[in-house]
Amino acid sequence: MSKGTKVPGYMQGKGSRNPRGIIGDREIRYKCSLQNTILDVLRGRPGWQEVPGQNNIPQNVQANPKQQGQQSTGQQPSNTGKSGSGSTNQGTTFGNKGSVRNPQQGPGTQPGVPTRLGDGDWDFYWCDREWLAQNYDTMFLYEHQKILHFRNHYELTRKNLMVKNLKRLKKQTERELGKAEGQSFEFFPTTYELPSEYHIFVEEFKKNPGIIWIMKPAARAQGRGIFLFRRLKDITDWKKGEYQPLSDPNREVPETYVVQRYIENPYLIGGRKFDVRVYVLVVSYNPLKVWLYRSGFARFSNTRFSLDSIEDTYVHLTNVAIQKNAPDYDPDKGCKWSTQQLRKYLCAKHGVEAVKNAFKGIDNIIIKSLQSVQKIIINDKHCFEMYGYDVLFDSDLKPWLIEINASPSLTASGKEDYDLKFGLLNDVLNVLDLENRLTGKEKRIGGWDLLWEDGPILADDGNMECTPNGTTASIPNSFLGCHNDRKRQLRELFTAAQSIKKS
């Protein structure tokens, strides 16, 4: 390589740092406010440099599976965030102590040259939701910068808002395309928000005496606050709050909950209930561009399923935060299967075609739910979102949407879980491609498959995994639970992309 040749940032060592400029010509500067697997991924990525700042973790802190702190899997801010202009490029301030600059100027005293490596001098920021809520409306982002979370992500991840948006899109679909098309939305249980819809719920409750309902806090995570009930007297606190005057300071407002019809016939393996964690990456809402990760896991309850003991959380809740406290929980074995294990088991028992249709139902859940907020989410080219979908199969292999997490747990429960999440997060960075190594036309990057780009994506002929023998018809580019040979695929992908760029 000649002396004057520019070296891409991901190939540079720490001894060759170019001034701030085109991101591919220098090291990539990142910030991270979490202490778990994502920190290991960022620190281990060649050519990436950690920026000191208020929300960063000290360099001597390691985030291995045994030392990681718990990360929320889905708790949303109690403030619904309705305030704020919603503009994507308002203001000039970076972070709580960020540098204040004129948006018309470069990051430093001269265009493209910084005066110091400060809170604002980052290219990539894996921030928490609270930081984003406090700072988004007052910060200016440069063309190349990427940050986790869209401004009003809670429209999809807060349980009551998720259902509200799905109901609205379902009604719109039925009105425009007919009742039959509305059937494609029958993947979430009958749901009401309490206390605001208490009396509407009571009418539904009386129509179906004896069935089980489940109560969930709208903005909590890891199974906290969830309980099952059969009697109205178990939820009288929410009745009191329905018509509470806002001006009455002496009456406490009950926490917002959703009440859902409990799925009483879950698919069982070994007599135990489970749900499936599915990872989804959205890099744009307008147009909608969605990636689906091949790997994930099924979370099992530690106790055999029974409707006789609805108060036993170890029977009915599969959250690891709940199950790890069970008296007979084995931390070495855990309560997880990989999605690949689950798919193989289901195929052996029900056949490839039945399982393909079941997993196709998961694709439908993902796309319909994202479309329900597509016109509501404040789209910003600087933002991306990695969601954790929780899906439950019933005894007929029908998938049901349980919830969607804006901050799925990145804390590993063991080596296999750590390897999964390490690869998952590395591939998020590969998709975002701050190093500018790819062509932008890829359908697969590591473990991520492009599911939707302003319309469904079809698989290439040479990528027909997890399909019945002899299948020739075009199929969706969806391979959840299929073989994930991400390292080999990445090597071939980067080599091919480099050749295309040279030519």
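The name that an unreviewed UniProt entry assigns to the protein is Tubulin--tyrosine ligase-like protein 9, with the source organism given as Magallana gigas.

This next bit is on the overall build of the protein. When helices and strands are tallied, the protein shows 13 helices and 17 strands. When the 503 residues of the protein are sorted by exposure, 55% land in the buried category. Considering only residue pairs separated by 6 or more positions, the protein has 68% of its internal contacts joining residues 24 or more positions apart.

A few words on the UniProt feature "coiled-coil region" (unreviewed entry) in the protein. Under the local residue numbering, the UniProt record ascribes the feature "coiled-coil region" (unreviewed entry) to residues 156–183. The distance separating the terminal C-alpha atoms of residues 156–183 is 20 Å; by composition the span is 89% helix and 0% strand.

On to the packing of aromatic side chains, then. Summed over the entire model, instances satisfying the criterion amount to 28 aromatic pairs. The interplanar angle of 40 degrees and the centroid separation of 6.2 Å between the aromatic rings of Phe227 and Trp238 together place this pair among those described as tilted. Separated by 11 residues along the polypeptide, Phe227 in strand 7 (residues 227–229) and Trp238 in helix 7 (residues 236–240) bring together distant segments of the chain. In this structure Trp238 comes out as buried when scored by relative accessible area, which is 9%. Considering the side-chain rings of Tyr418 and Phe422, the 5.8 Å spacing of their centres and the 35 degrees angle between planes classify their relative orientation as tilted. Of this pair, Tyr418 and Phe422 both sit in helix 12 (residues 415–432), four residues apart, roughly one helical turn. By relative accessible area, Phe422 is classed as partly exposed at 27%. Over the ring of Tyr192 we find Lys167; its NZ or CZ atom is 5.2 Å from the centre of that ring.

With that settled, consider helix 12. For an α-helix, the turn length of 3.6 residues means that residues three or four places apart are oriented alike. With 18 residues, helix 12 should cover 26 Å at 1.5 Å per step; its first-to-last C-alpha distance of 26 Å lies within 8% of that length. Within helix 12, 14 of the 18 residues are buried, leaving the element largely enclosed by the surrounding structure. Asp433 occupies a position one or two residues after helix 12 and carries a positive phi of about 55 degrees.

Between helix 4 (residues 159–177) and helix 11 (residues 352–373), the least distance of the axes is 8 Å, while the angle of their chain directions is 95 degrees. Compared by their axis directions, helix 4 and helix 11 come out roughly perpendicular. Of the residues in helix 11, those in contact with Asn165, Leu166, Arg168 and Leu169 of helix 4 are Lys368, Ser369, Gln371, Ser372 and Val373. Per-class residue counts for the contact of helix 4 with helix 11 are three nonpolar, four polar and two charged.

Looking at the element boundaries, Glu204 is found in helix 6 (residues 198–207). Buried within the structure, Glu204 lacks any salt-bridge partner; Lys207 is the closest side chain of opposite charge, at an N-O distance of 4.3 Å. With residues near it in sequence (within four places) discarded, Glu204 still touches Thr190, Tyr192 and Trp213.

Running from N to C, helix 10 (residues 339–350) and helix 11 cross one another at 135 degrees; their axes reach a closest spacing of 7 Å. With respect to their mutual orientation, helix 10 and helix 11 come out oblique. Facing helix 10, whose interface residues are Thr339, Arg343, Leu346, Cys347 and His350, helix 11 presents Val352, Ala354, Val355, Lys356 and Phe359. Of the residues contributing to the contact of helix 10 with helix 11, the split by class is six nonpolar, two polar and two charged.

Moving on, we get to the pattern of salt bridges. One pass over the full model with this rule turns up 25 salt bridges. Across the pair Asp234 and Arg231 runs a salt bridge, and its minimum N-O distance is 3.6 Å. Judged by relative accessible area, Asp234 falls into the partly exposed class, the value being 32%. Assessed through its relative accessible area of 47%, Arg231 is described here as partly exposed. Each of Asp275, Arg277, Arg299 and Asp390 takes part in salt bridges that share partners, so that together they form one network.

Cut-offs used in this document
Residues numbered from 1 in each chain as written. Predicted model: local features only at pLDDT ≥ 70, side-chain atom pairs only at ≥ 80, totals over all residues. Heavy atoms only, no water. Helix = DSSP H or I, 4+ residues; strand = E, 2+ residues; numbered from the N terminus. Buried < 20%, exposed > 50% of the residue type's maximum accessible area, 1.4 Å probe, protein only. Contact = heavy atoms within 4.5 Å. UniProt positions renumbered as here; feature names shortened; annotations may be inferred. Phe/Tyr/Trp six-rings, centres within 6.5 Å; stacked < 30°, edge-to-face > 60°. Lys NZ or Arg CZ within 6 Å of the ring centre and 35° of its normal. Expected span 1.5 Å × (residues − 1). Axes fitted to C-alpha atoms, helices over the stretch in contact; angles between N-to-C directions. Parallel < 35°, antiparallel > 145°, perpendicular 65-115°, else oblique. Nonpolar A, V, L, I, M, F, W, Y, C, P; charged D, E, K, R; others polar. Lys, Arg positive; Asp, Glu negative; His and termini not counted. Salt bridge = Lys/Arg side-chain N within 4 Å of Asp/Glu carboxyl O.

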